[in-house]
Number of protein chains: 2
Amino acid sequence: MDNFQKYHVSFIGSGNVAFHLAKALYNAGVAIDEVWSPSANHRQALAIEVNAKAADKLTALTTASDVYIIAVPDGKVAEVVAAMPKVKGIVAHTSGITSMQVVSERFNNSGVFYPLQTFSKQRPVAINEIPFCIEGNTEHAMQTLTQLAALLSKNIHPVSSDERKKLHLAAVFVSNFVNHLYQMANTITDENNLPFDLLMPLIEEVAAKVKTLSPAEAQTGPARRNDKKTIAVHREMLNAHPDFEVLYNLITGQITKKYYE
Amino acid sequence: MDNFQKYHVSFIGSGNVAFHLAKALYNAGVAIDEVWSPSANHRQALAIEVNAKAADKLTALTTASDVYIIAVPDGKVAEVVAAMPKVKGIVAHTSGITSMQVVSERFNNSGVFYPLQTFSKQRPVAINEIPFCIEGNTEHAMQTLTQLAALLSKNIHPVSSDERKKLHLAAVFVSNFVNHLYQMANTITDENNLPFDLLMPLIEEVAAKVKTLSPAEAQTGPARRNDKKTIAVHREMLNAHPDFEVLYNLITGQITKKYYE
């Protein structure tokens with residue numbers, strides 16, 4: 001692939017990740033050849049956004065693209081790999097938890113193009129700050145996927161399948177699980193007719209703090225102080241929510257154990 | 001108290017909250033009369049910063065201040081209230097979990113001046129964005145504490161003792177507990193020689209997302225999708241950390257239950 005030519009990329013998938021990546025690559029000057037996904041409506045909507053053809057059948061996808069990006073739910077990657085036509089271009093998936101092997105077993109040029117971020121169609125995303133975790137089964141695949149990521153972000157990292165799985169696990173703790181705690185707090189504020197927004201400056205500061213302090217240094221609060229009286233008052237307030245109380249007790253116990261045992 | 005006069009405030013406490021509030025009030029033109037705290041070094045350090053006198057004894061604190069701010073650990077408020085001289089000024093504490101009554105039982109003019117934020121001496125804080133939760137046992141106390149807060153922030157809310165306790169509980173979920181999850185993720189990245197910084201854009205986006213989406217709408221991930229295969233892979237990786245695995249299983253179960261039962 002000549003550096004002076006445009007990259008040609010096709011997408012399999014039209015969910016949140018495909019949507020943001022395809023649009024960002026298109027805006028960066030990449031030609032998006034085709035988009036396929038099981039939903040005709042979704043693939044057509046994305047194809048229109050990125051001036052691509054909506055492919056009717058995965059088995060009949062173009063074989064002329066330089067790169068194929070499989071951005072489908074983690075559990076569907078293997079299925080898509082099996083159904084694709086035999087292509088010469090690089091086939092890369094975007095899944096945190098799926099090993100590269102799932103693709104490289106079938107395709108000579110393969111890799112992983114994993115953006116470590118949470119995507120929602122409703123929200124624009126600062127693509128240039130996203131860490132891209134890149135893996136390739138050949139030097140050529142590695143280089144091409146790195147160059148493609150470099151069109152979008154300066155935050156690019158070669159990451160093995162094993163490392164990526166660990167990152168994905170860590171990401172679940174800091175995103176899905178953190179959001180679950182936000183949701184519990186939101187239930188508490190709603191039930192007491194208090195605006196959830198009152199908590200936003202705190203939410204943002206807690207996130208910002210770990211840029212400059214390690215989470216272990218940044219820890220504060222009743223459990224960190226082993227303040228049994230405050231903990232008892234909190235527990236009493238949680239009587240109406242057994243689920244919240246179980247989680248409160250577990251995390252409080254873990255923090256106390258970490259600092260006092 | 002005449003609006004054209006300076007407010008005179010004394011501080012009991014020299015920890016993170018006292019440090020940031022005293023400095024911010026001083027910078028806003030408030031006269032800080034005296035600072036007392038059990039540690040002679042700490043009270044002197046803070047007194048120098050805010051051009052105040054370091055009081056040697058709590059029982060001999062000046063009785064001339066307009067407002068006394070008790071910014072000590074939650075469990076120490078009652079003790080401080082009992083040991084203070086009988087003053088005419090407004091005595092307010094900064095504790096989320098302590099009812100106003102702890103102060104108003106002894107002082108005719110009393111209240112609460114609760115900044116809903118996490119403070120570390122090492123980090124500057126955007127004081128003008130902090131929600132101040134104000135309570136007063138008289139119209140005069142309410143007005144004065146509100147005016148004092150208005151020197152620092154536009155985000156001021158009258159909040160009752162009961163409401164404040166609920167906010168404090170919700171705050172523990174979104175700050176201390178969230179930080180605990182950050183700490184677990186940091187352990188996972190450290191153990192695998194991966195930079196924790198790779199997670200920062202995700203951490204920030206998860207926090208920013210709930211400004212525009214409710215946490216229930218913002219939820220994503222394997223538990224939200226009921227993706228049992230990914231969950232099984234995660235669990236296996238957590239075998240070396242029983243504490244992490246217990247928490248993983250609990251939160252995953254709670255998210256799945258919330259969306260699928």
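For the structure itself, look to the data block above.
Residues numbered from 1 in each chain as written. Chains lettered and ligands numbered in written order. Predicted model: local features only at pLDDT ≥ 70, side-chain atom pairs only at ≥ 80, totals over all residues.

Draft legend 1. Structural detail: the overall build of chain A. Secondary structure summary: chain A contains 11 helices and eight strands in total. If one aligns the C-alpha atoms of chain A with their principal axes, the spans along those axes are about 70 × 35 × 30 Å. Here chain A holds 261 residues, and the buried ones make up 51% of them. Intrachain contacts of chain A at a sequence separation of at least 6 include 53% that bridge at least 24 residues. (Helix = DSSP H or I, 4+ residues; strand = E, 2+ residues; numbered from the N terminus. Buried ≥ 20, exposed ≤ 12 C-beta atoms within 10 Å, placed from the backbone. Contact = placed C-beta atoms within 7 Å.)

Draft legend 2. Highlighting the interface of chain A and chain B. Counting residues at the interface gives 78 residues for chain A, matched by 79 residues for chain B. Broken down by element, the side of chain A that touches chain B gets its largest block of residues, 24 residues, from helix α6 (residues 161-191) of chain A. Grouping the amino acids of the side of chain A that touches chain B by side-chain chemistry returns 42 nonpolar, 21 polar and 15 charged. (Nonpolar A, V, L, I, M, F, W, Y, C, P; charged D, E, K, R; others polar.)

Draft legend 3. Expanded view of the pairing of strand β6 (residues 110-115) of chain A. All names here are of chain A. Counting buried positions along β6 yields six of six residues, so the element is predominantly enclosed. Because side chains alternate across β6, one face comprises the buried residues S110, V112 and Y114, and the other comprises G111, F113 and P115, equally buried. Pairing of strand β5 (residues 90-93) with β6 involves three bridges; the strand directions are parallel. Its bridge partner lying in β6, A92 is registered against G111. Bridging between β6 and strand β7 (residues 132-136) involves five bridges; their strand directions are antiparallel. Bridge assignment links Y114 to a residue of β7, and that residue is C133. (Pairing = 2+ DSSP bridges.)

Draft legend 4. View of the packing of helix α7 (residues 200-209) of chain A against helix α7 (residues 200-209) of chain B. Contact geometry for α7(A) and α7(B): axes closest at 9 Å, N-to-C directions at 180 degrees. Relative to α7(B), α7(A) is oriented roughly antiparallel. For the pair α7(A) and α7(B), the contacting residues are A:I203, A:E204 and A:A207 in the first and B:I203, B:E204 and B:A207 in the second. Split by residue class, the contact of α7(A) with α7(B) holds four nonpolar, no polar and two charged. (Axes fitted to C-alpha atoms, helices over the stretch in contact; angles between N-to-C directions. Parallel < 35°, antiparallel > 145°, perpendicular 65-115°, else oblique.)

Draft legend 5. Fine view of the relation of the copies chain A and chain B. Expressed as a screw operation, the relation of chain A to chain B combines 0.0 Å of axial shift with a rotation of 180 degrees, fitting to an RMSD of 0.0 Å. In symmetry terms, the pair is related by a two-fold rotation axis. Relative to the rotation axis, the C-alpha of A:V178 is the closest in chain A, positioned 2.8 Å from it. Of the interface residues in chain A, 100% have counterparts in chain B that sit at the interface too, so the contact is made through matching surfaces. (Least-squares fit on C-alpha atoms with pLDDT ≥ 70 in both.)

Draft legend 6. Region of interest: unusual backbone geometry. Non-glycine residue A:N193 carries a positive phi angle of around 55 degrees. Looking at the element boundaries, A:N193 is found in the loop between α6 and α7. On the basis of neighbour count, A:N193 is assigned to the exposed category, with 8 C-beta atoms found within 10 Å. Here the phi dihedral of B:N51 falls at roughly 55 degrees; this positive angle occurs in a residue that is not glycine. Tracing the chain through its elements places B:N51 in the loop between α2 (40-49) and β3 (53-54).

Bear in mind that shape data such as this cannot, by itself, settle questions of function.
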